[in-house]
Amino acid sequence: MAQKHQDSFYEGWLYHFLVDPLLRRVHRLVRSQVKPGSTLIDIGCGTGELLFSLADVGSDLVGVETSRGMWSFANRQAQTRGFNNVQILFGDGAKLEKFSTGFFDYAIACMVLHEMGASQRLPVLQEMKRLASNLILVDYRVPAPTNLAVTMCRFIERLAGPRHFRNYTSFINGGGLLSLYEILGLTVRKQLTFYSQCIHLVLL
Ligand SMILES: C[S@@+](CC[C@H](N)C(=O)[O-])C[C@H]1O[C@@H](n2cnc3c(N)ncnc32)[C@H](O)[C@@H]1O
């Protein structure tokens, strides 16, 4: 069952100034995997920075956010920065009935699955599989190596609050992305590992 989203203290401007710069390299890697002219949906689009970085590559882009703070921030950014082919929707990535099967070329979830409750992950992934023939997932790599980058990431996840850290821990202990796409019978087409092997991008 979908959990009701509770907005966190860091959503909006704080996330934009502290976390978005750290994810710029990740967003560039996602961009490098998207074919020009594609349509795409970005689940858990946050402040919208990934979508904005794809706006000149994709034709029509949709972001979905379950946090009101992030959603309104991303919407304002899209308007003031003039991204006319980007639409940001408020809602749950597991419930996108308004879009027909195969509506998009790509469905992307970048640093999102570790953040949601364990029961939400499969329904979101299932909906992504229904919506697009190409999935791009970016998240913490499991098993994690023992290095400074992983320690730093754990620290950042802890700072985000107890609920956030619980979800992160359940994601890591549950086997990360691999355990999720195996259940859905999805095959890995490409995998890129970066940030000292702490994070990986998986193309399914
Ligand atoms: C760490 S942020 C990542 C933001 C963005 N993808 C990026 O790469 O910059 C994760 C976002 O996923 C959103 N989220 C979590 N569960 C979601 C769901 N079921 N549907 C839509 N968004 C969700 C959260 O509100 C949060 O803003």
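Given the structure is predicted, the values throughout are model-derived calculations rather than measurements.

(A) Focus on the packing of aromatic side chains. Applying the stated criterion to the full structure yields 8 aromatic pairs. With a centroid separation of 5.6 Å and 55 degrees between ring planes, the pair formed by tryptophan 71 and phenylalanine 90 is classed as tilted. Remark: phenylalanine 90 occurs in strand β3 (residues 86-90) and tryptophan 71 occurs in helix α4 (residues 68-80); sequence separation between them is 19 residues. By relative accessible area, tryptophan 71 is classed as partly exposed at 24%. For phenylalanine 90, a relative accessible area of 36% translates into the label partly exposed.

(B) Molecular detail of the sheet that holds strand β4 (residues 104-110). Ordered by their spatial adjacency, 7 strands build an open sheet running β3-β2-β1-β4-β5-β7-β6, and the pairing between neighbours is mixed. Each end of this open sheet is capped by a strand with a single partner; those strands are β3 and β6 (190-194). When the angles between neighbouring strand axes are averaged without regard to direction, this sheet yields 15 degrees. Examined bridge by bridge, β4 and strand β5 (residues 132-140) share 6 bridges and lie parallel to one another. By the bridge assignment, tyrosine 106 is partnered in β5 with asparagine 134.

So, how was this worked out
Residues numbered from 1 in each chain as written. Predicted model: local features only at pLDDT ≥ 70, side-chain atom pairs only at ≥ 80, totals over all residues. Heavy atoms only, no water. Phe/Tyr/Trp six-rings, centres within 6.5 Å; stacked < 30°, edge-to-face > 60°. Helix = DSSP H or I, 4+ residues; strand = E, 2+ residues; numbered from the N terminus. Buried < 20%, exposed > 50% of the residue type's maximum accessible area, 1.4 Å probe, protein only. Pairing = 2+ DSSP bridges. Axes fitted to C-alpha atoms, helices over the stretch in contact; angles between N-to-C directions.

Honestly, it's all geometry; don't read function into it.
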